[in-house]
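Examination of the molecular architecture
Listed below, chain by chain, are the residues.
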Amino acid sequence: MDFESSFEPEDEELEDEEQTLDAGISAANEVVSAPGRLVSGVQGLLEPIRVATAPGEGDQEQSPPPPTTGYDPDQLRRVRTLLAEEPLIAGATRSPSHQQTSLWMPWVFLLIGVAVAVPILFQWARPLGQARQWPGVAEAFSAINRLQNGDTVQVLWAYDPATAGELDLLAAPLVQHMLDKGARLEIISLLPNGPATARRLVSGVRRIRSQEPGITLDQSPIDARFVPGGAMVLPAFGATPAALAVVFGAQAEDVQAWLELVAPRNRTPVVAVTAAGADPVLRPYLDSGQLKGLVSGFDGAASYSRLLYATTGQPPNQLQLAQQLVGQNFALIAFLALIVTGNLVAALTTGRRHE
Amino acid sequence: MPSTRLSVTGFFISLLAIACFALLLLAQTNAGAKLQPATGVIYQWLMWLGGIALLLGIANVAWLHLRRIQSGRRDWELSLVLIAVLAAVVVAGLINPLGAQGPLVEWIFDYVLAPGQSALFALLVFFMAAAAYRYLRIGRQGGAWMLLGALIIILTQAPMLVPVLPASMVAATDWFIDAPVMAALRGVLLGSGIALLVVAIRMLIGKA
């Protein structure tokens, strides 16, 4: 079996199948168009049927005569069969004229895998480049820097190990900053694995900081709880006064839920720490002032770490963060290469077909 | 024949739901502080209900898989693995006074759950790479615009490339994100908010 041909459908193959299907659908539309209807030929539109609302109601009604279309029954049957068949894509055979230059998909996977894995495996810390500091990072830093010793910080821990690769690096400098300020963290999570993830990160930051001379951090048990019931129960935490609320979320929805359900109740300023993908959705909340700060993605982590380094000392996970940034550099370059290659392949193939 | 009349039980349940709704709505206003004890009880109930629903869900999954094993259906061995792991984690959590922070549960989290979840999520990059290779193409309908947007964002997001790029390009990208993208997102947020409100009102007045 030709692995390449069965692995994925090629573009022209799909286009051919689409054209065949369109022709079939057009034929079916012509067939089912009966005169006298207000609307006909709409795909998926079924004739309305009368639903009996009382037992025996339908018995008195005579079934309407079958519509006559003027087409041969055998022809109709063939059209129905054509439409009822599942489109065959993976195993479809290609005619010789449709042979084209294509990249074997596992090469794509290999390229990306190597681009991400090599800097991490060999602990490359260069080329690092310059992480951009987006609006919201400095504001988040200021909000945490204003905390006093013993202040309560409500933390919604809305990520688990699935997204910890990105968010642990983001959360670490902020957690260190809050612990350095002597804040008391009240951590809740709507995810069953959230509290365990939070405990590991907070204890990791405590361990690293306690190894540094002159640093004494609170070593009391970490208050992290799982709250069942979903976002609906979040308003319960709006009754508790706090100096600051921090949402560590992989998705924008968690931050939105906190802003809608909790923030209006206790009027506590909110800082969001999110994955880069959630940033564009949350930026309007930063502009409107509902969010006091927004830190997102590896860029955000690097920017916050830089600010923290300038004031309170060495932030945690610096080597790991550098490796991630190097990995991000290589992965984005690999993406660019893939996009260019994909377009070149498409251009070459189209040119050959026109010949 | 189903009756359209509201039963006495149904009436009281509806009354309770309406009362809870009104109370929670009032709690979002300035009168919230005075209603705190009552709303606190309601939220406590919600958490209990959420916990019980979770347990019911687990019991349901366990029951379904036990039946698969009992009837020897296809891939019943996988159901057996699921039941064995479920039982091991539950027993490990119950017999240890530390509960979910017991050493065995912690070991399962560190060496099974966390790597498994991370590995599954990490596969996303391969799908994205395949999609970028196959679908970000100039020839496709609307593809040129998508390609342009993707290229601009990728170029200006790579920390290694940012110092090399002209400052005007970075500034143009910032404007692109701050003005058209932000406007579109705000429109989406407003539209979805209004739609949600309309749906909620329609549900409340029985039109949905």
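Residues numbered from 1 in each chain as written. Chains lettered and ligands numbered in written order. Predicted model: local features only at pLDDT ≥ 70, side-chain atom pairs only at ≥ 80, totals over all residues. Heavy atoms only, no water.

Re the overall build of chain A
Keep this limit in mind: Here a helix means four or more residues in a row that DSSP labels H or I, a strand means two or more in a row labelled E, and each is numbered from the N terminus. Per-residue accessibility, obtained with a 1.4 Å probe over protein chains only, is compared with the maximum for each type, and a residue is labelled buried under 20%, exposed over 50%, and partly exposed between these values. We call two residues contacting when some pair of their heavy atoms lies within 4.5 Å. Using a 1.4 Å probe, accessible areas were evaluated by the Shrake-Rupley method; residue-level cover was limited to the displayed protein chains.
Of the regular secondary structure elements, chain A holds 13 helices and 6 strands. Split into buried and exposed, the 355 residues of chain A put 43% on the buried side. Sequence-distant contacts in chain A: of pairs separated by 6 or more residues, those separated by 24 or more amount to 79%. Accessible surface, chain A: about 18500 Å² in total, of which carbon and sulfur atoms supply 58%.

Focus: the interface of chain B and chain A
Which entries qualify depends on this criterion: Reported buried area values correspond to the accessible surface (1.4 Å probe) lost by two parts on association, with both partners' losses combined. Here, a salt bridge means any Lys or Arg side-chain nitrogen found within 4 Å of an Asp or Glu carboxyl oxygen. Any pair of nitrogen or oxygen atoms within 3.5 Å is treated as a polar contact; in protein, a donor-acceptor pairing is required on top of that, and neighbouring residues in sequence qualify only through side-chain atoms on both sides.
Tallying the contact residues gives 50 residues for chain B and 62 residues for chain A. For the pair chain B and chain A, the summed buried surface comes to about 5000 Å²; carbon and sulfur atoms form 67% of the total. The interface formed by chain B and chain A contains 3 salt bridges. Note that Glu 106 of chain B is salt-bridged to Arg 200 of chain A, the shortest N-O span being 2.4 Å. Taken together, chain B and chain A are joined by 8 residue pairs in polar contact (both at pLDDT 80 or more).

Quick notes on the packing of helix α11 (residues 279-288) of chain A against helix α7 (residues 167-204) of chain B
Worth spelling out the cut-off: Every axis corresponds to a line fitted to the C-alpha atoms, with the helix fit spanning only the stretch in contact, and the corresponding angles, defined between N-to-C directions, vary from 0 to 180 degrees. Geometric relationships in this document are graded by angle, where less than 35 degrees denotes roughly parallel, more than 145 denotes roughly antiparallel, 65 to 115 denotes roughly perpendicular, and other angles denote oblique. In the scheme used here, Gly and all other residues not listed as nonpolar or charged are polar, with Ala, Val, Leu, Ile, Met, Phe, Trp, Tyr, Cys and Pro taken as nonpolar and Asp, Glu, Lys and Arg as charged.
Two numbers describe how α11 of chain A lies on α7 of chain B: the axes approach to 9 Å, and their chain directions differ by 90°. Regarding the angle of α11 of chain A to α7 of chain B, the classification is roughly perpendicular. Within the contact between the two elements, α11 of chain A uses Pro 280, Val 281, Arg 283, Pro 284, Tyr 285 and Asp 287 of chain A and α7 of chain B uses Met 182, Leu 185, Arg 186 and Leu 189 of chain B. A breakdown of the residues in the contact of α11 of chain A with α7 of chain B according to their chemical character gives 7 nonpolar, no polar and 3 charged.

Some words on the packing of aromatic side chains
All names here are of chain B. Put simply, the rule reads: For this analysis, a ring pair means two rings from Phe, Tyr or Trp (six-membered ring only for Trp) whose centres lie within 6.5 Å, classed as stacked if their planes differ by under 30 degrees, edge-to-face if by over 60, and tilted for the remaining angles.
For the coordinates displayed, the defined rule picks out 6 aromatic pairs over all chains. Between Trp 107 and Tyr 111, the aromatic rings sit 5.5 Å apart at their centres with planes inclined by 35°, giving tilted as the arrangement. Placement of both Trp 107 and Tyr 111 in helix α4 (residues 103-122) is noted, with a separation of 4 residues, approximately one turn of the helix. Residue class for Trp 107 comes out partly exposed when judged on its relative accessible area of 48%. The class for Tyr 111 is exposed, based on a relative accessible area of 57%.

A look at the nonpolar core
All names here are of chain A. Note the following rule: We call a set of buried Ala, Val, Leu, Ile, Met, Phe, Trp, Tyr and Cys residues a nonpolar core when their side-chain atoms join them within 4.5 Å.
In terms of nonpolar packing, the biggest core is built from 44 residues, with Val 153, Trp 157, Tyr 159, Val 175, Met 178 and Phe 248 touching the most fellow members. The greatest single-element share of this core, amounting to 10 residues, is contributed by helix α7 (residues 164-180). In contact with Phe 248, not counting residues within four places along its chain, are Val 155, Leu 156, Trp 157, Ala 158, Tyr 159, Ala 171, Leu 174, Val 175, Met 178 and Val 273. Listed in part, the 27 residues of the second largest apolar core include Leu 234, Ala 257, Trp 258 and Ala 263.

What about unusual backbone geometry?
Working note: non-glycine residues mostly have negative phi, and peptide bonds are mostly trans. Look at Arg 267 of chain A: it is not a glycine, yet its phi comes out positive at around 55°. Secondary-structure assignment places Arg 267 of chain A in the loop between α10 (263-266) and β5 (270-274). Not every positive phi belongs to a glycine, and Asp 75 of chain B is a case in point at roughly 60°. Within the secondary structure, Asp 75 of chain B is located in the loop between α2 (36-71) and α3 (76-95). Taking the relative accessible area as the measure of exposure, Asp 75 of chain B reaches 37% and is therefore partly exposed.

Here we look at the sheet that holds strand β1 (residues 152-158) of chain A
All names here are of chain A. Convention followed: Criterion used throughout: strands pair if DSSP finds at least two bridges between them.
Here we have 6 strands laid out as an open sheet, ordered β3-β2-β1-β4-β5-β6, and parallel in their pairing. Each edge of the open sheet carries a strand with a single partner, namely β3 (224-226) and β6 (291-296). Neighbouring strand axes in the sheet, compared pairwise and without regard to direction, differ in orientation by 20° on average. Bridge analysis of strand β4 (residues 244-249) against β5 gives 5 bridges, and the strand direction is parallel. Across the sheet, the residue bridging to Val 246 is Val 271, located in β5. Contacts from helix α6 (residues 137-145) reach β4, β5 and β6, with the element oriented near 120° to β6. Against the sheet, helix α8 (residues 194-210) touches β1, β2 (184-189) and β3, its axis set at about 165° to β3.

Comments concerning the confidence of the model for chain A
All names here are of chain A. To keep it simple, the criterion reads: Confidence scores per residue from the predictor, reported as pLDDT, run from 0 to 100.
Considering every residue of chain A, the mean pLDDT works out to 76; 71% of them sit at 70 or more. Contacts for the low-pLDDT stretch residues 30-48, under 50 throughout, to residues beyond four places or in other chains number 12 contacts. Throughout residues 52-59 the model reports pLDDT below 50, and contacts reaching past four residues in sequence, or to other chains, amount to 3 contacts.

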